[in-house]
Amino acid sequence: MTDDRTPARPERAIKPANKRGAARLGAVQALYQMDVGGSMLADVLAEFEAFRLGSELDGEQYREADPAWFRDLVKGVVAEQRRLDPEIHRALVAGWPLKRIDTTLRAILRAGAYELMCMTIVPARVVISEYIDVARAFYEGDEPRMVNGVLDRIAHTHRAEEFGAAAQAGNAAAGQGEGNNDGPAGN
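Residues numbered from 1 in each chain as written. Predicted model: local features only at pLDDT ≥ 70, side-chain atom pairs only at ≥ 80, totals over all residues. Heavy atoms only, no water.

**Student:** Teacher, can you tell me more about the overall build of the chain here?
**Tutor:** If you tally the helices and strands in the chain, you get seven helices and two strands. Looking at the 187 residues of the chain, the share that counts as buried comes to 41%. In the chain, the share of contacts with a sequence separation of at least 24, taken over all contacts with a separation of at least 6, comes to 70%. Accessible area for the chain stands at about 11,000 Å²; split by element, carbon and sulfur atoms hold 49% of it. (Helix = DSSP H or I, 4+ residues; strand = E, 2+ residues; numbered from the N terminus. Buried < 20%, exposed > 50% of the residue type's maximum accessible area, 1.4 Å probe, protein only. Contact = heavy atoms within 4.5 Å. Areas by Shrake-Rupley, 256 points an atom, 1.4 Å probe, with all protein chains shown as cover.)

**Student:** I'm lost on the packing of helix 2 (residues 41-52) against helix 3 (residues 67-91) in this one. Help?
**Tutor:** For any two helices packed against each other, one specifies the crossing angle of their axes together with the interaxial distance. Between helix 2 and helix 3, whose axes approach to 11 Å, the crossing angle comes to 160°. Considering their axes alone, helix 2 and helix 3 lie roughly antiparallel with respect to each other. When you trace helix 2 past helix 3, the crossing you get is right-handed. On helix 3, the residues touching L41, L45, F48 and E49 of helix 2 are P67, F70, R71, V74, K75 and V78. (Axes fitted to C-alpha atoms, helices over the stretch in contact; angles between N-to-C directions. Parallel < 35°, antiparallel > 145°, perpendicular 65-115°, else oblique. Left-handed = near helix turned anticlockwise from the far one by under 90°.)

**Student:** What exactly am I supposed to notice about the pattern of salt bridges here?
**Tutor:** When the charged atoms of two side chains with opposite charge come close together, those side chains can pair. Following the criterion strictly, the structure yields 11 salt bridges and no others. Each of the salt bridges in this network shares a partner with another, and the network as a whole consists of D35, D85, R106 and R110. (Salt bridge = Lys/Arg side-chain N within 4 Å of Asp/Glu carboxyl O.)

**Student:** Where do I start with the nonpolar core in this structure?
**Tutor:** Soluble globular proteins: nonpolar side chains tend toward being buried together. Counting residues in hydrophobic clusters, the biggest one holds 49 residues, and the most contacted among them are F70, I108, Y131, V147 and I154. Taken together, the elements giving at least two residues each to this core come down to helix 1 (19-37), helix 2, helix 3, helix 4 (103-118), helix 5 (124-138) and helix 6 (143-158). Ranked by residue count, the leading element in this core is helix 4, at nine residues. Contacts of V147, omitting those with residues within four sequence positions, involve L105, I108, L109, Y131, I132, A135 and D152. (Core = buried A, V, L, I, M, F, W, Y, C linked by side-chain atoms within 4.5 Å.)

**Student:** Explanation requested: helix 3 in the structure shown.
**Tutor:** Given 3.6 residues per helical turn, the α-helix brings residues three or four places apart onto the same face. For helix 3, built from 25 residues, the straight-helix expectation of 36 Å at 1.5 Å per residue is missed by more than 12%, its first-to-last C-alpha distance being only 29 Å. Considering bend angle alone, the principal kink of helix 3 is centred on Q81 and spans about 80°. Every buried residue of helix 3 is accounted for by W69, F70, L73, V74, G76, V77, L84, D85, E87, I88 and A91. Those residues of helix 3 that are buried are in contact with helix 1, helix 2, helix 4, helix 5 and helix 6. Its side-chain oxygen placed 3.1 Å from the backbone nitrogen of A68, D66 serves as the N-cap of helix 3. (Expected span 1.5 Å × (residues − 1). Bend = angle between axes of the 7 residues up to and from the residue. Polar contact = N/O pair within 3.5 Å; in protein donor to acceptor, adjacent residues only side chain to side chain.)

Right, here's the structure in full:
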């Protein structure tokens, strides 16, 4: 006798965030809070470090995060925002200015761009992957692909040496995404 039941698909294992990954997620949340609520930098840092990073708040357990990484990201984005925003804007497809991007996505792009441009101890591909994961924590649609496209363009501009000559030649032949306007990042 045969079994007509479809075997259950194994659930995809969700990898737990490492301390820097949790710091990245916390930094995006803090940047969002500052942008939407107008909170001051010192207040947001103190709140997150005291009540959110690795703590329980309103019955929800937050993952333990690297507080120094969190602090460096948030402070750095705030300090470098005037330099970051034009870079992100250039990486977006024409017709999608940064001001048109929603607040959470803007925070993800700013944190990722800052880490790519100013915190170069983590390889660019790892940074991009980490921020795609952060985007997936907030979005189920095309936003993670957009994060990938924008941060990849910024990485190729600011960390070209990590991608080697073959990658540079491939990007030049592909026209760096020209003619592909499927969305804000051209993906």
